[in-house]
Amino acid sequence: MKINTKKTVWWFVWIVLSLMLSGYYGNALLSTDISTDKSVYLSGKTTDGHYQIELKCDSCHTEAFAGKELLQKACLNCHKDELKKVEDSHPKSKFTDPRNADILEILDARYCVTCHIEHRSEKTRLMGVTMPEDYCFLCHQDVGKNRPSHKELGFETCDDAGCHNYHDNKALYEDFLVKHMDDKSMLEIMALPQRNLKEHFVRQDEKYSQTLSADNIDMPPEISANKAIVHEWEKSTHAKSGVNCSACHVSKGEWIFKPTISVCKSCHEPESKSFFASKHGMRLGVELPAMKVSDARIDLKNPDKKILTCNTCHTDHSYNTEKAAIDACLGCHQDEHSKAFRKSKHFAAYQAAKYNKAENNTGLTCASCHMPRLEHRELGEKRILVDHNQSNTLRPNEKMVRAVCLNCHGLKFSLEALADSKLIKNNFNGSSRFENEGFAMAKKREELKRLGLIKDDDD
Amino acid sequence: MNNMHRNGLQTTLAASVLGLTLSACTEKPSEIAGGITPQKMSDAIHAVLVADRTVYTKEVVNRLVKDEKVIKASEEWKDDKALPLPAQMFRYGSELVAEGDANFSYSLLSLWPINKQNKAKTEAEKTGLQYIFDNPGENFYVEEELGGTNYFTAVYPDIAVAPVCVTCHNDHKDTPKSDFKIGDVMGGVVIRIPI
């Protein structure tokens, strides 16, 4: 039998190439090593909200060939608490009721991916929404029947700033507008909630009431103390709250030179949880290497390889929250809003507070608005903690109203300010160009109610 | 012989299966013997729902709001640090059930709803709500198909049991009816069981 040498070579080349390609794609698909590049499997550009974890495919695609249910489970794995907290206006339970089966045929609102399709950058709008702007029409086309004031409004304007949101209407519902109708722009008492972390720890253990100094450090004698570091620690809240070197540097009897983020988490669990859900810490939240400044999609100052962990903003040993609340932010963010902060009235309030011209909790930093102090209840205890997920007040920005603005400003003033992109850019230097018509509509309905004139079809 | 025996056995088995299938087809799901009927199940669920609802309305809301005047009940109960309204309490329970896998659902609807989403929508709801209003003391049972699934649907009268029911509904700015009296059928509890 005569062997065709040329053919044999081609067969050999084909087999080798096939094996190499199979190895490459198979390894990318099946490897559990976080350093393996899986980008060949990305089916399109990922949204700004998810791109940091896009290479951890199983964050969302928990199983091969997973159906909608498993995908939904993955969405809720990260977003369930957030939806519960905002008292979601369109919960799944509304749509699983058989009487709404006709709505599901138009819009299957049981699943997040109906409106938020990933990897479809060409049709992704703000908040990762992939539905057309006027999607409210699908279910609310007869809104004008019960609200004649809405008859002439376009459905693409429903979710304009200050009107409605699909999920969170806590600052926008009619009775809330009525209740805050006559709020002044500047409230008589303007103050942020006072943090009370130390009290919480003292309740756990009396040792946290102590103030420590350099004489008290419990570093092992064989490790020479760096004077500068000891000095930084001595001025820190840790030293003033009885937190000695060993609290962070000793684990299972061993001295740890570089404590990991889990050490921070062991005392600051709720703060860590919100950090892991944020754009700063979400990679750590899914056990990927920390985000680097250069990974950001927005234009940042010094986009270097610096990684983002707790200590990036809360510089270790000093843990100066003031620096973390302004300097750390402005060290990276250089958009117009950020650059205008030091000329803003909010910053002036911060300076007045800092130099004792005003009460302590009246000063405003970047974090005051973007990482607000919120009430946290656990086992009957009320604490004021800093929410480290800045997206919670920006997705969309009316979510900032109740968490932040209403501490100092009236509802109408706040909603109108947040609706004006120009005002946001200059860090609220001036007045809003917009009037929120919702207040007039709510007022009119109140008046008609008082006169007993509201009927089924009345406004 | 063996073959004949096997064939006979196969024929008998086939006939039995066919017989059982035909028998199941001729019986209404609500009448299948040997198990609880959808109507009995629905009536039992309703008994629990209406008992809880009455206790909450009379012994919690009406007593604390109307009689003892120590707290308010409010639609915005979280913001107002008040008691949830009885209808809200009912709806929250219904939503929790809907989040699980209970294989039944329930809702509170009315011919005169404050929230327009709670007006009768399906034919069964429209007929049922009208029936319980026209026939005080009676329930309404029907089978309906929604989204490709068949349901046993029951509509039970929801009656004004305490003064707070009447005053709250009559005074609400969105109420289409403001002359309710105690004892009136204000709406209906609709329970659905897939069959």
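Residues numbered from 1 in each chain as written. Chains lettered and ligands numbered in written order. Predicted model: local features only at pLDDT ≥ 70, side-chain atom pairs only at ≥ 80, totals over all residues. Heavy atoms only, no water.

S.K.: In this structure, what is going on with the packing of aromatic side chains? I would like to understand it.
M.R.: The geometry of an aromatic ring pair comes down to the distance between the two centres and the angle between the two planes. All names here are of chain A. A complete count under the given rule lists 19 aromatic pairs over all chains for this structure. On the basis of an interplanar angle of 45° and a centroid distance of 5.5 Å, the ring pair of Tyr173 and Phe176 is categorised as tilted. No difference in accessibility class separates Tyr173 from Phe176, as the two residues are buried. When the ring of Trp255 is compared with that of Phe257, the centres are 6.4 Å apart and the planes differ by 80°; the resulting orientation is edge-to-face. (Phe/Tyr/Trp six-rings, centres within 6.5 Å; stacked < 30°, edge-to-face > 60°. Buried < 20%, exposed > 50% of the residue type's maximum accessible area, 1.4 Å probe, protein only.)

S.K.: Even after reading the chapter, I still don't get the interface of chain B and chain A, so can you show me in this structure?
M.R.: As a measure of interface size, the accessible area lost when the parts come together is often cited. Taken together, the 24 residues of chain B in the interface contact 26 residues of chain A. Of the roughly 2000 Å² buried between chain B and chain A on both sides combined, carbon and sulfur atoms contribute 43%. Three residues, B:Asp79, B:Lys121 and B:Lys173, lead the burial of chain B against chain A; their summed loss comes to 34% of the area buried on that side. Put simply, chain B and chain A have nine salt bridges between them. A salt bridge links B:Lys173 to A:Asp175; the shortest N-O distance between them is 3.7 Å. (Contact = heavy atoms within 4.5 Å. Buried area = accessible area lost by both parts, 1.4 Å probe. Salt bridge = Lys/Arg side-chain N within 4 Å of Asp/Glu carboxyl O.)

S.K.: Help me out: how do you make sense of the sheet that holds strand S2 (residues 140-146) of chain B in this one?
M.R.: Backbone hydrogen bonds hold the strands of a sheet together, and the pairing may be parallel or antiparallel. All names here are of chain B. Spatially, S1-S4-S3-S2 is the arrangement adopted by the four strands of the open sheet, whose pairing is antiparallel. Sheet topology places strand S1 (105-109) and S2 at the edges, where each strand pairs with a single neighbour. Looking at each pair of strands side by side, their axes are set apart by 25° on average, direction ignored. As paired elements, S2 and strand S3 (residues 149-159) share seven bridges and run antiparallel to each other. Following the sheet pairing, Phe140 is matched in S3 by Val155. (Pairing = 2+ DSSP bridges. Helix = DSSP H or I, 4+ residues; strand = E, 2+ residues; numbered from the N terminus. Axes fitted to C-alpha atoms, helices over the stretch in contact; angles between N-to-C directions.)

S.K.: Just checking my understanding: could you explain the packing of helix H2 (residues 38-67) of chain B against helix H6 (residues 163-171) of chain B for this structure?
M.R.: Relative orientation and spacing of two packed helices are given, respectively, by the angle between their axes and the distance between those axes. Residue and element names in this part refer to chain B. Their axes nearest at 9 Å, the elements H2 and H6 cross at an angle of 65°. Here H6 runs roughly perpendicular to H2, going by the angle between their axes. Judged by residue contacts, Thr57, Val61, Asn62 and Lys66 of H2 engage Pro163, Val164, Cys165 and Thr167 from H6. Of the residues assigned to the contact of H2 with H6, the class counts are four nonpolar, three polar and one charged. (Parallel < 35°, antiparallel > 145°, perpendicular 65-115°, else oblique. Nonpolar A, V, L, I, M, F, W, Y, C, P; charged D, E, K, R; others polar.)

S.K.: It is not clear to me how the pattern of salt bridges should be interpreted in this structure. Could you clarify?
M.R.: Oppositely charged side chains may form a pair once their charged atoms are brought near each other. Summed over the entire model, instances satisfying the criterion amount to 36 salt bridges over all chains. The closest approach of N and O atoms between A:Arg110 and A:Asp108, which form a salt bridge, is 2.8 Å. Using a relative accessible area of 14% as the deciding quantity, one classes A:Asp108 as buried. What you see here is one network of salt bridges that share partners, running through A:Arg147, A:Glu174, A:Asp175, A:Arg445, A:Glu446, B:Lys173 and B:Asp174.

S.K.: Got a minute to help me understand H6(B) in this structure?
M.R.: Within an α-helix, residues lying three or four positions from one another point in the same direction, as the helix has 3.6 residues per turn. Looking only at H6(B), the buried set comprises B:Val164, B:Cys165, B:Val166 and B:Asn170. Buried-residue contacts for H6(B) involve H2 and strand S4 (185-194) of chain B.

S.K.: What is the right way to read the confidence of the model for chain B from this model?
M.R.: A low pLDDT score tells you not to read the predicted coordinates there in detail. Residue and element names in this part refer to chain B. Of the residues in chain B, 83% have a pLDDT of 70 or more, and the chain-wide mean is 85. The lowest-confidence element of chain B is helix H1 (residues 2-26), averaging 44 in pLDDT; the highest-confidence one is S2, averaging 97. Low pLDDT, under 50, characterises residues 1-27; the stretch is placed with two contacts to residues that sit more than four places away or in other chains. (pLDDT = per-residue confidence, 0-100.)

S.K.: Help me understand a nonpolar patch on the surface in this model?
M.R.: Residues and elements named next belong to chain A. The grouping of Val9, Trp10, Phe12, Val13, Val16, Leu17 and Met20 at the surface amounts to a nonpolar patch, some 710 Å² of accessible area in total. Checked against the element boundaries, Val13 lands in helix H1 (residues 5-30). The partly exposed category is assigned to Val13, whose relative accessible area is 33%. (Patch = residues over 30% accessible without salt bridge, like charges linked within 9 Å, V, L, I, M, F, W, Y side chains within 5 Å. Areas by Shrake-Rupley, 256 points an atom, 1.4 Å probe, with all protein chains shown as cover.)

S.K.: Got a minute to help me understand unusual backbone geometry in this structure?
M.R.: A negative phi angle characterises most non-glycine residues, just as the trans form characterises most peptide bonds. Residues and elements named next belong to chain A. The amide bond that connects Arg395 to the next residue, Pro396, takes the cis arrangement and shows omega of 0°. Structurally, Pro396 is set in the loop between strand S4 (381-386) and helix H21 (399-403). In the Ramachandran plot, Asn427 falls in the positive-phi region, its phi being about 60° despite a non-glycine side chain. Inspection of the secondary structure assignment puts Asn427 in the loop between helix H23 (421-425) and helix H24 (438-450).

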